[in-house]
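# Observations on the three-dimensional arrangement
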Amino acid sequence: MTKVLTDARSIRIKGRSFLAVMLSPDLPLDQWLIRLDDLAARSAGFFLGRPVVLDITDLPIDKAQLKELIAELSARNVSIMGIEGGRPSIAGPGMPPILKGGRPAADFEVSEAEPVVERRNSEPKAPPPEVRPVTQSLIIREPVRSGQSVIFPEGDVTVIGSVASGAEVIAGGSVHIYGALRGRAMAGSIGNASARIFCRKLEAELLAIDGIYKMAEDISPGLRGQAVQLWLDGETIMAEKLI
(Lines give C-alpha, C1' and ligand atoms only; values in the text may rest on other atoms or scores of the structure.)
Protein backbone atom coordinates (compact mmCIF):
# COMPACT_ATOMS: atom_id res chain seq x y z
CA MET A 1 0.00 0.00 0.00
CA THR A 2 1.38 3.36 -0.99
CA LYS A 3 1.29 6.08 1.63
CA VAL A 4 0.44 9.50 0.22
CA LEU A 5 1.85 12.52 2.06
CA THR A 6 -0.81 15.21 2.18
CA ASP A 7 1.04 17.68 4.44
CA ALA A 8 2.25 20.48 2.18
CA ARG A 9 4.60 21.90 4.78
CA SER A 10 8.27 21.59 3.87
CA ILE A 11 11.43 21.39 5.91
CA ARG A 12 13.21 24.73 5.80
CA ILE A 13 17.00 24.59 5.52
CA LYS A 14 18.94 27.85 5.64
CA GLY A 15 22.57 28.74 5.20
CA ARG A 16 24.22 30.86 7.85
CA SER A 17 27.72 32.21 8.47
CA PHE A 18 29.22 32.52 11.96
CA LEU A 19 32.44 33.98 13.29
CA ALA A 20 34.50 31.14 14.79
CA VAL A 21 37.73 31.16 16.74
CA MET A 22 40.52 29.26 14.95
CA LEU A 23 43.01 27.40 17.13
CA SER A 24 46.26 26.41 15.38
CA PRO A 25 48.30 24.20 17.74
CA ASP A 26 51.99 23.55 17.26
CA LEU A 27 54.44 21.00 18.57
CA PRO A 28 55.17 20.00 21.21
CA LEU A 29 51.50 19.83 22.13
CA ASP A 30 52.07 19.71 25.89
CA GLN A 31 53.85 23.08 25.79
CA TRP A 32 51.17 24.52 23.51
CA LEU A 33 48.50 23.42 26.01
CA ILE A 34 50.43 25.15 28.79
CA ARG A 35 50.31 28.41 26.82
CA LEU A 36 46.60 27.88 26.20
CA ASP A 37 46.03 27.35 29.93
CA ASP A 38 47.89 30.59 30.58
CA LEU A 39 45.62 32.47 28.17
CA ALA A 40 42.49 30.95 29.74
CA ALA A 41 43.69 31.81 33.25
CA ARG A 42 44.32 35.42 32.32
CA SER A 43 41.07 35.82 30.41
CA ALA A 44 38.45 33.73 32.16
CA GLY A 45 35.60 32.66 29.91
CA PHE A 46 37.38 33.59 26.69
CA PHE A 47 36.35 30.34 24.98
CA LEU A 48 33.02 29.99 26.80
CA GLY A 49 30.19 29.66 24.29
CA ARG A 50 32.43 30.38 21.28
CA PRO A 51 32.50 28.14 18.21
CA VAL A 52 36.07 26.85 17.84
CA VAL A 53 37.69 25.26 14.78
CA LEU A 54 40.89 23.24 15.22
CA ASP A 55 43.38 23.90 12.41
CA ILE A 56 45.80 20.98 12.00
CA THR A 57 47.15 21.99 8.61
CA ASP A 58 50.75 20.73 8.31
CA LEU A 59 50.62 19.47 11.91
CA PRO A 60 52.27 16.00 11.93
CA ILE A 61 49.98 14.11 14.30
CA ASP A 62 48.08 10.83 13.94
CA LYS A 63 44.50 9.92 14.83
CA ALA A 64 45.33 8.88 18.39
CA GLN A 65 47.19 12.14 19.08
CA LEU A 66 44.35 14.18 17.58
CA LYS A 67 41.78 12.35 19.71
CA GLU A 68 43.89 12.99 22.82
CA LEU A 69 44.26 16.69 21.90
CA ILE A 70 40.49 17.09 21.45
CA ALA A 71 39.96 15.40 24.84
CA GLU A 72 42.46 17.79 26.46
CA LEU A 73 40.62 20.76 24.95
CA SER A 74 37.25 19.40 26.04
CA ALA A 75 38.57 19.10 29.60
CA ARG A 76 39.34 22.83 29.38
CA ASN A 77 35.75 23.60 28.23
CA VAL A 78 36.95 24.30 24.67
CA SER A 79 34.38 22.67 22.39
CA ILE A 80 35.69 21.91 18.91
CA MET A 81 32.99 22.25 16.25
CA GLY A 82 35.17 21.08 13.38
CA ILE A 83 38.66 20.24 12.15
CA GLU A 84 40.33 22.01 9.25
CA GLY A 85 43.32 20.84 7.25
CA GLY A 86 43.21 17.14 8.15
CA ARG A 87 42.74 14.09 5.96
CA PRO A 88 39.24 12.54 6.18
CA SER A 89 40.81 9.35 7.54
CA ILE A 90 42.21 11.15 10.61
CA ALA A 91 38.74 11.78 12.05
CA GLY A 92 37.19 8.82 13.80
CA PRO A 93 33.74 8.11 15.26
CA GLY A 94 32.65 10.65 17.84
CA MET A 95 35.19 13.24 16.64
CA PRO A 96 34.32 16.64 15.11
CA PRO A 97 33.86 16.65 11.33
CA ILE A 98 36.51 17.63 8.83
CA LEU A 99 35.66 21.06 7.42
CA LYS A 100 36.43 22.06 3.85
CA GLY A 101 35.79 25.09 1.70
CA GLY A 102 36.00 27.68 4.45
CA ARG A 103 36.07 31.27 3.26
CA PRO A 104 39.14 33.40 3.93
CA ALA A 105 38.59 35.59 6.96
CA ALA A 106 38.53 38.81 4.94
CA ASP A 107 35.45 37.52 3.06
CA PHE A 108 33.48 36.71 6.23
CA GLU A 109 29.80 37.51 5.86
CA VAL A 110 27.26 38.39 8.53
CA SER A 111 23.53 38.67 8.17
CA GLU A 112 23.21 42.13 9.76
CA ALA A 113 25.54 45.07 10.24
CA GLU A 114 24.93 45.12 13.97
CA PRO A 115 27.01 44.03 16.95
CA VAL A 116 26.27 40.87 18.86
CA VAL A 117 25.55 41.88 22.45
CA GLU A 118 25.55 39.02 24.94
CA ARG A 119 24.88 38.98 28.68
CA ARG A 120 26.76 36.36 30.62
CA ASN A 121 25.38 36.91 34.11
CA SER A 122 22.09 37.01 35.94
CA GLU A 123 22.11 40.73 36.68
CA PRO A 124 19.03 42.73 35.68
CA LYS A 125 19.12 43.38 31.97
CA ALA A 126 20.01 46.90 30.98
CA PRO A 127 18.98 48.42 27.65
CA PRO A 128 21.49 47.58 24.92
CA PRO A 129 23.82 50.38 23.82
CA GLU A 130 22.46 52.65 21.14
CA VAL A 131 24.26 51.88 17.89
CA ARG A 132 24.35 53.39 14.44
CA PRO A 133 25.35 50.68 11.96
CA VAL A 134 27.10 51.85 8.82
CA THR A 135 29.05 50.08 6.15
CA GLN A 136 32.55 50.01 7.65
CA SER A 137 32.26 51.35 11.20
CA LEU A 138 30.11 51.03 14.28
CA ILE A 139 29.56 53.68 16.98
CA ILE A 140 28.54 52.68 20.50
CA ARG A 141 27.25 55.77 22.30
CA GLU A 142 27.12 54.28 25.80
CA PRO A 143 29.63 52.42 27.98
CA VAL A 144 30.00 48.70 27.36
CA ARG A 145 29.06 47.05 30.63
CA SER A 146 30.59 44.02 32.33
CA GLY A 147 29.34 40.80 30.74
CA GLN A 148 28.63 42.37 27.34
CA SER A 149 30.37 41.57 24.06
CA VAL A 150 30.36 43.86 21.04
CA ILE A 151 31.34 41.96 17.89
CA PHE A 152 31.60 43.77 14.54
CA PRO A 153 33.73 41.89 11.96
CA GLU A 154 32.93 44.32 9.13
CA GLY A 155 35.10 47.23 10.26
CA ASP A 156 36.05 49.63 13.06
CA VAL A 157 34.30 49.95 16.42
CA THR A 158 34.19 53.26 18.30
CA VAL A 159 32.96 53.37 21.89
CA ILE A 160 32.07 56.83 23.20
CA GLY A 161 32.53 55.79 26.78
CA SER A 162 34.36 53.14 28.76
CA VAL A 163 34.66 49.37 28.41
CA ALA A 164 34.16 47.77 31.83
CA SER A 165 36.14 44.91 33.30
CA GLY A 166 34.59 41.67 32.05
CA ALA A 167 33.36 43.28 28.82
CA GLU A 168 34.91 42.93 25.39
CA VAL A 169 34.99 44.70 22.04
CA ILE A 170 35.92 42.67 18.94
CA ALA A 171 36.37 44.44 15.61
CA GLY A 172 37.44 43.36 12.16
CA GLY A 173 39.19 46.73 11.91
CA SER A 174 40.48 49.10 14.58
CA VAL A 175 39.06 49.72 18.06
CA HIS A 176 38.61 53.29 19.39
CA ILE A 177 37.71 53.72 23.07
CA TYR A 178 36.95 57.30 24.18
CA GLY A 179 37.12 56.36 27.84
CA ALA A 180 38.78 53.80 30.11
CA LEU A 181 39.52 50.41 28.59
CA ARG A 182 39.28 47.98 31.51
CA GLY A 183 38.01 44.91 29.68
CA ARG A 184 39.23 43.19 26.51
CA ALA A 185 39.80 44.78 23.10
CA MET A 186 40.54 42.71 19.98
CA ALA A 187 41.25 44.47 16.69
CA GLY A 188 41.79 42.90 13.27
CA SER A 189 39.82 39.87 14.46
CA ILE A 190 39.33 38.32 11.02
CA GLY A 191 42.80 38.97 9.64
CA ASN A 192 43.92 42.61 9.56
CA ALA A 193 47.49 43.20 10.74
CA SER A 194 47.19 46.95 10.11
CA ALA A 195 44.39 47.39 12.65
CA ARG A 196 45.09 49.46 15.77
CA ILE A 197 43.69 49.96 19.26
CA PHE A 198 43.22 53.48 20.64
CA CYS A 199 42.02 54.29 24.14
CA ARG A 200 41.90 57.31 26.43
CA LYS A 201 42.83 55.37 29.57
CA LEU A 202 44.58 52.00 29.34
CA GLU A 203 43.64 49.53 32.08
CA ALA A 204 42.94 46.54 29.86
CA GLU A 205 42.64 42.88 30.88
CA LEU A 206 43.64 41.69 27.41
CA LEU A 207 44.61 43.26 24.09
CA ALA A 208 44.81 41.53 20.73
CA ILE A 209 45.59 42.54 17.15
CA ASP A 210 45.28 39.99 14.33
CA GLY A 211 45.40 37.13 16.84
CA ILE A 212 48.52 38.37 18.69
CA TYR A 213 47.74 38.80 22.40
CA LYS A 214 49.09 40.96 25.20
CA MET A 215 47.94 40.29 28.76
CA ALA A 216 47.43 42.84 31.54
CA GLU A 217 50.72 42.03 33.28
CA ASP A 218 52.61 42.36 29.99
CA ILE A 219 51.62 46.01 29.64
CA SER A 220 54.31 48.49 30.68
CA PRO A 221 53.44 50.19 34.00
CA GLY A 222 54.27 53.52 32.39
CA LEU A 223 51.38 53.07 29.95
CA ARG A 224 48.73 52.21 32.52
CA GLY A 225 46.17 54.93 33.02
CA GLN A 226 47.47 56.77 29.94
CA ALA A 227 46.01 57.58 26.53
CA VAL A 228 47.62 54.96 24.30
CA GLN A 229 47.66 53.57 20.79
CA LEU A 230 48.74 50.03 20.00
CA TRP A 231 49.73 48.45 16.70
CA LEU A 232 51.32 45.28 15.37
CA ASP A 233 54.96 45.12 14.32
CA GLY A 234 55.56 41.62 12.98
CA GLU A 235 54.59 39.28 15.84
CA THR A 236 54.84 41.96 18.54
CA ILE A 237 52.23 44.42 19.81
CA MET A 238 53.80 47.87 20.10
CA ALA A 239 52.42 50.73 22.20
CA GLU A 240 53.01 54.42 22.74
CA LYS A 241 51.34 57.29 24.56
CA LEU A 242 49.10 59.61 22.63
CA ILE A 243 50.07 63.25 22.88
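As recorded by an unreviewed UniProt entry, the chain carries the name Probable septum site-determining protein MinC and is attributed to Rhizobium miluonense. Quoted straight from UniProt, the Function (unreviewed entry) entry for the chain says "Cell division inhibitor that blocks the formation of polar Z ring septums. Rapidly oscillates between the poles of the cell to destabilize FtsZ filaments that have formed before they mature into polar Z rings. Prevents FtsZ polymerization." The UniProt entry for the chain carries the following comment under Sequence similarities (unreviewed entry): "Belongs to the MinC family."

All right, on to the overall build of the chain then. Helix and strand counts for the chain stand at two helices and 15 strands. Relative to its full complement of 243 residues, the chain shows a buried share of 37%. Contacts in the chain between residues at least 24 apart in sequence constitute 37% of all its contacts with a sequence separation of at least 6. A total of about 14,100 Å² of accessible surface is found on the chain, and carbon and sulfur atoms cover 52% of it.

Here we come to the pairing of strand E3 (residues 80–84). Sheet analysis places strand E2 (residues 52–55) next to E3, joined by four bridges and oriented parallel. Looking at the pairing, leucine 54 lines up with isoleucine 83 of E3. For the crossover that starts at E2, traverses helix H2 (residues 63–75) and ends in the parallel E3, the hand is right-handed. Examined bridge by bridge, E3 and strand E4 (residues 98–99) share two bridges and lie parallel to one another. Counted as the bridge partner of isoleucine 83 is isoleucine 98 from E4.

Looking now at the sheet that holds strand E10 (residues 184–187). Strand order in the open sheet formed by five strands is E6-E8-E10-E12-E13, and the pairing between neighbours is mixed. The strands lining the two open edges of the sheet, one partner per strand, are strand E6 (149–152) and strand E13 (212–215). Averaged over all adjacent pairs, the angle separating strand axes in this sheet is 5°, with direction ignored. When strand E12 (residues 206–209) meets E13, the two strands line up antiparallel, connected through four bridges.

Residue placement: valine 159 occurs in strand E7 (residues 156–159). Judged by its relative accessible area of 0%, valine 159 is buried. On a C-alpha basis, the gap between valine 159 and valine 169 in space is 8.9 Å, while along the polypeptide they are 10 residues apart. With near-sequence residues (within four places) excluded, valine 159 lies in contact with Ile140, Glu142, Val144, Val169, His176, Ile177 and Tyr178.

With that settled, consider H2. The periodicity of an α-helix, 3.6 residues per turn, causes residues three or four places apart in sequence to face the same way. Under the 1.5 Å per step criterion, the end-to-end length of H2 is 18 Å for 13 residues, consistent within 8% with the ideal 18 Å. When H2 is considered as a whole, its buried residues turn out to be Leu66, Leu69, Ile70 and Leu73. All buried residues of H2 project into a common sector of 100° when viewed along the axis, lining one side. Seen from the buried face of H2, the exposed residues on the opposite side, beyond 90 degrees, are Ala64, Lys67, Glu68 and Ala75. Its side-chain oxygen placed 3.3 Å from the backbone nitrogen of alanine 64, aspartate 62 serves as the N-cap of H2. Among the residues trailing H2, asparagine 77 stands out with phi positive, at a value near 65°.

Further remarks concern the side chain of aspartate 55. Note on placement: aspartate 55 falls in strand E2. Among the residues examined, aspartate 55 registers a relative accessible area of 16% and is labelled buried. A distance of 2.6 Å separates the side chain of aspartate 55 from the side chain of threonine 57, its partner in a polar contact. Each residue touching aspartate 55, except ones within four places of it in the same chain, is listed here: Met22, Leu23, Ser24, Pro25 and Glu84.

All right, on to unusual backbone geometry then. Proline 28 follows leucine 27 through a cis peptide bond whose omega is -5°. Along the chain, proline 28 falls in the loop between strand E1 (21–23) and helix H1 (29–42). Of note, asparagine 77 is a non-glycine position whose phi angle comes to about 65°, a positive value. Topologically, asparagine 77 is positioned in the loop between H2 and E3. Even without being a glycine, aspartate 210 presents a positive backbone phi close to 50°. Along the polypeptide, aspartate 210 turns up in the loop between E12 and E13.

Cut-offs applied
Residues numbered from 1 in each chain as written. Predicted model: local features only at pLDDT ≥ 70, side-chain atom pairs only at ≥ 80, totals over all residues. Heavy atoms only, no water. UniProt positions renumbered as here; feature names shortened; annotations may be inferred. Helix = DSSP H or I, 4+ residues; strand = E, 2+ residues; numbered from the N terminus. Buried < 20%, exposed > 50% of the residue type's maximum accessible area, 1.4 Å probe, protein only. Contact = heavy atoms within 4.5 Å. Areas by Shrake-Rupley, 256 points an atom, 1.4 Å probe, with all protein chains shown as cover. Pairing = 2+ DSSP bridges. Right-handed = clockwise from strand over helix to strand, strands pointing away. Axes fitted to C-alpha atoms, helices over the stretch in contact; angles between N-to-C directions. Expected span 1.5 Å × (residues − 1). Arc of directions from axis to C-beta. Polar contact = N/O pair within 3.5 Å; in protein donor to acceptor, adjacent residues only side chain to side chain.

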